[in-house]
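Remarks on the overall topology
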Amino acid sequence: MESSTPESSLSPEFNKRLKKRYNAEQRFKILGIGAIFIALAFLVFLMSTVIMNGHSAFMQTYVKLDFTLDKKYFTDEDLSKGDFQGIVKATLYGMFPDVTSRRDKRALTGMVSKGAAFNLMDMVREDPSLVGKEVSVWVPANDDVDMLMKGNIDMSQPEANRRIKDNQYGWIQTLEADERLQMKFNVNFLTSGDSREPELAGIWSAVKGSFYTLVITLLLSFPIGVAAAVYLEEFAPDNKFTDLIEININNLAAVPSIIFGLLGLAIFINFWGIPRSTPLVGGLVLTLMTLPTIIIAARASLKSVPPSIREAALGVGASKIQTVFHHVLPLALPGMLTGTIIGMAQALGETAPLLMIGMVAFIVDIPGSITDPAAALPVQIYLWADSPERAFTEKTSAAIMVLLAFLITMNAAAVFMRKKFEIEW
């Protein structure tokens, strides 16, 4: 006697409905995979656009000039007060003696960055014996020349529609023929502060400002957040007051970040008198913003520790504090650190609260402490994105690349710590 299969023993209507459910499940899987691929496509498009626009900012066009540091340019005992801009102009006029009109001379000297004079000043300050000698120096070119060398200016357009004029293009070709134009790694971008001149602008001031701000945020938010989570989860009585605190913490995690900026402006600056645009006040504001995230993550980590750990510690005579700090907290610490890193990554990318406390100011100097005026990397990106020069566009994308690198590193560290120290019960 043949054994009947499950399919043969079911009614045709049931098999039809079963097939319909299987088809619906298959469609759902396809939609899910499609959503993943669409998200990845958008991510790849975003990253490729940023990289394509920003990778050229790590290179800079330099011009080789032979300067004669004649003593007539140094009339003061302080050599740093010499007429270095005059030396640059005299060198360019000597290289192109046919340039005689005032307008052409201005166009000629405009091809070299204003930073060339500062480079000379630094050289003479470090080695005063150079006065009276001839030195060959690679100095940064103007941003328009740099954009031309990077292929961002179309010389086939009418002269009125481009920033590089025909006479300047001829001078550039002469410099290229003499091997006086060269693309080099843009060290200034990583070691200098902000500048009105795109070819001189760098991110180091903003990076240090963000670093000081995050240090203040970490030193304040982590111990306060962990202490609050331990108290609420392990020691606080279960009453309406603690319920109100928990509700407020959850609500604060969803408050727009600009509200914390307004709070910092009202309390830390107007009431406490902390100077504006400093990493100290920025760290205090970001501490308020990240505390709810850290508290929620820390409480979730404490809840993940099995009750048997607490019961075993109490059973052998440990006090409540000993149980928490000697047994529960060490087991929950990896999850707390992961939540803290994620909160710090969120704080690193914040712009709105920092704008409210004045960190949008134009800061050239590199901050040396938490009380010095400073910018932050997201704010620097915001400022450069609002600048009309084409060179600032590539620097904006390059700064975004640096910011994303920090964010990816911090999130990768969080994933690594979770995988390494996570304990499955």
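Residues numbered from 1 in each chain as written. Predicted model: local features only at pLDDT ≥ 70, side-chain atom pairs only at ≥ 80, totals over all residues. Heavy atoms only, no water.

Description of the overall build of the chain
The cut-off we apply is this: Counting from the N terminus, the helices are DSSP H or I runs at least four residues long and the strands are E runs at least two residues long. Relative accessibility under 20% of the residue-type maximum defines a buried residue, over 50% an exposed one, and the middle range a partly exposed one, all with a 1.4 Å probe and only protein chains included. Reported accessibility uses the Shrake-Rupley method at a 1.4 Å probe radius. Residues are deemed covered only where the shown protein chains occlude them. Positive charge is attributed to Lys and Arg, negative charge to Asp and Glu, and no charge count is given to His or to the chain ends. A single reference atom marks each charge: NZ on Lys, CZ on Arg, CG on Asp, CD on Glu.
Looking only at helices and strands, the chain has 17 helices and 3 strands in total. Counting only C-alpha atoms and orienting by the principal axes, one finds that the chain spans roughly 105 × 70 × 35 Å. Taking all 425 residues of the chain together, the buried fraction comes to 41%. Per element, the accessible surface of the chain, about 23,700 Å² overall, is 62% carbon and sulfur. In the chain, the 38 positive side-chain charges and the 42 negative ones have mean positions that sit 5 Å from each other.

Quick word on the nonpolar core
Filter applied, for reference: Put simply, buried Ala, Val, Leu, Ile, Met, Phe, Trp, Tyr and Cys residues joined by side-chain atoms within 4.5 Å make one nonpolar core. In this description, contact between two residues means that some pair of their heavy atoms is separated by no more than 4.5 Å.
Counting residues in each nonpolar core, the largest one holds 40 residues, and the members touching the most others are Ile 203, Leu 354, Ile 357, Leu 377 and Trp 384. Ranked by residues supplied to this core, first place goes to helix α17 (residues 390–421) with 9 residues. Beyond its immediate sequence surroundings of up to four residues, Leu 354 is in contact with Gly 282, Leu 286, Met 359, Val 360, Ala 376 and Val 379.

Comments concerning the pattern of salt bridges
Here is the rule we go by: By definition here, a salt bridge exists when the distance from a side-chain nitrogen of Lys or Arg to a carboxyl oxygen of Asp or Glu is within 4 Å.
Inspection of the entire model under this criterion finds 11 salt bridges. For the salt bridge of Lys 150 with Glu 394, the shortest nitrogen-to-oxygen distance reads 2.9 Å. With Lys 150 in the loop between α6 (143–149) and α7 (166–177) and Glu 394 in helix α17, the pair connects residues that are 244 residues apart, well separated along the chain. Each member of the pair Lys 150 and Glu 394 is classed as buried. By sharing partners, the salt bridges in this structure join Asp 146, Lys 150 and Glu 394 into a single network.

Here we look at a nonpolar patch on the surface
The line we're drawing: Only residues whose relative accessible area exceeds 30% and that take part in no salt bridge are eligible for patches, with like-charged residues grouped when within 9 Å of each other and nonpolar side chains (Val, Leu, Ile, Met, Phe, Trp, Tyr) grouped when within 5 Å.
A grouping of Ile 33, Ile 36, Phe 37, Leu 40, Leu 43 and Leu 46 is seen on the molecular surface, where their side chains present a nonpolar patch of about 610 Å² in accessible area. Relative to the elements of secondary structure, Ile 33 occurs in helix α2 (residues 12–54). Relative accessible area serves as the criterion here: at 49%, Ile 33 is assigned to the partly exposed category.

Side note on the environment of Ala 141
By secondary structure assignment, the location of Ala 141 is in the loop between β2 (134–140) and α6. On the accessibility criterion, Ala 141 (0% relative accessible area) is buried. Taking the C-alpha atoms as reference points, Ala 141 and Gln 60, separated by 81 residues in sequence, lie 7.9 Å from one another. Apart from the residues within four sequence positions on either side, Ala 141 is in contact with Gln 60, Thr 61, Tyr 62, Val 63, Met 111, Val 112, Ser 113 and Glu 199.

Points about the sheet that holds strand β3 (residues 181–185)
Inclusion rule: When DSSP finds two or more bridges between two strands, those strands count as paired. All axes here are fitted lines through C-alpha atoms, helices being fitted over the stretch that makes contact, and every angle between N-to-C directions spans 0 to 180 degrees.
One open sheet holds the 3 strands; their spatial order is β2-β1-β3, and the pairing between them is antiparallel. The open sheet has two free edges, formed respectively by β2 and β3, since each of these has just one partner strand. The average angle at which neighbouring strand axes cross in this sheet is 40°, direction not considered. Running at roughly 135° to β2, helix α5 (residues 115–126) makes contact with β1 (59–68) and β2 of the sheet.

Observations regarding unusual backbone geometry
For Glu 179, which is not a glycine, the phi torsion comes out positive at approximately 60°. Structurally, the position occupied by Glu 179 is in the loop between α7 and β3. Here Glu 179 falls in the exposed class, since its relative accessible area comes to 65%.

Section: the packing of aromatic side chains
In plain terms, the rule: Any two of the Phe, Tyr and Trp rings considered here, Trp counted by its six-membered ring, make a pair once their centres fall within 6.5 Å; the pair's planes then place it as stacked at under 30 degrees, edge-to-face at over 60, or tilted in between. Over a ring means this: the NZ of a Lys or the CZ of an Arg is within 6 Å of the ring centre and within 35 degrees of the ring normal.
Following the criterion strictly, the structure yields 7 aromatic pairs and no others. Put simply, the rings of Phe 58, Phe 189, Trp 384 and Phe 392 pair up and form one aromatic cluster. Lys 105 extends its terminal NZ or CZ atom over the ring of Tyr 93, reaching a point 4.9 Å from the ring centre. For the cation-ring pair, Lys 184 lies above Tyr 62, with the distance from its terminal atom to the ring centre recorded as 5.9 Å.

Observations regarding the packing of helix α4 (residues 102–109) against α7
The criterion, for reference: Angles are sorted into four bins: roughly parallel if under 35 degrees, roughly antiparallel if over 145, roughly perpendicular if 65 to 115, and oblique for all others. By the definition used in this description, the sense in which the near helix is turned from the far one sets the handedness, with an anticlockwise turn below a right angle giving left-handed and a clockwise turn giving right-handed. We call Asp, Glu, Lys and Arg charged. Ala, Val, Leu, Ile, Met, Phe, Trp, Tyr, Cys and Pro are nonpolar, and the rest, Gly among them, are polar.
Two elements in contact, α4 and α7, have axes separated by 10 Å at closest approach and are oriented at 50°. In terms of orientation, α4 lies oblique with respect to α7. With respect to the hand of their crossing, α4 and α7 are arranged in right-handed fashion. Contacts between α4 and α7 involve Asp 104, Ala 107 and Leu 108 from the first element and Asn 167, Gln 168 and Trp 171 from the second. A class-by-class count of the residues in the contact of α4 with α7 yields 3 nonpolar, 2 polar and 1 charged.

Remarks on the environment of Gln 380
Position of Gln 380 relative to the elements: it lies in helix α16 (residues 377–385). Counting along the chain gives 116 residues from Gln 380 to Gly 264, while the straight-line C-alpha distance between them is 20 Å.

Here we look at the side chain of Arg 299
When you line up the elements, Arg 299 lands in helix α12 (residues 279–304). What makes Arg 299 buried here is its relative accessible area of 13%. Discounting chain neighbours no more than four positions away, the residues touching Arg 299 are Ala 229, Leu 232, Glu 233 and Glu 246.

Describing helix α14 (residues 320–348)
As a reminder, the rule being used: One fewer than the residue count of a helix, multiplied by 1.5 Å, yields its expected span. One axis is fitted to the seven residues ending at the residue and one to the seven starting there. The bend at that residue is the angle between these axes.
Over its 29 residues, α14 extends only 37 Å from the first C-alpha to the last, a length that falls short of the 42 Å expected when each residue adds 1.5 Å. A maximum bend of about 55° is found in α14 at Leu 329, where proline Pro 330 lies one to four positions downstream.

Let's talk about the packing of helix α11 (residues 257–271) against α12
It is the contact of α11 with α12, at a shortest axis distance of 9 Å, that shows an interaxial angle of 130°. Looking at the two axes, α11 sits oblique to α12. At the point where α11 passes α12, the crossing takes the right-handed sense. On the side of α11, the interface is formed by Ser 257, Phe 260, Gly 261, Leu 263, Gly 264, Phe 268 and Ile 269, while α12 contributes Val 281, Leu 284, Val 285, Leu 288 and Met 289. A per-class count over the contact of α11 with α12 returns 9 nonpolar, 3 polar and no charged.

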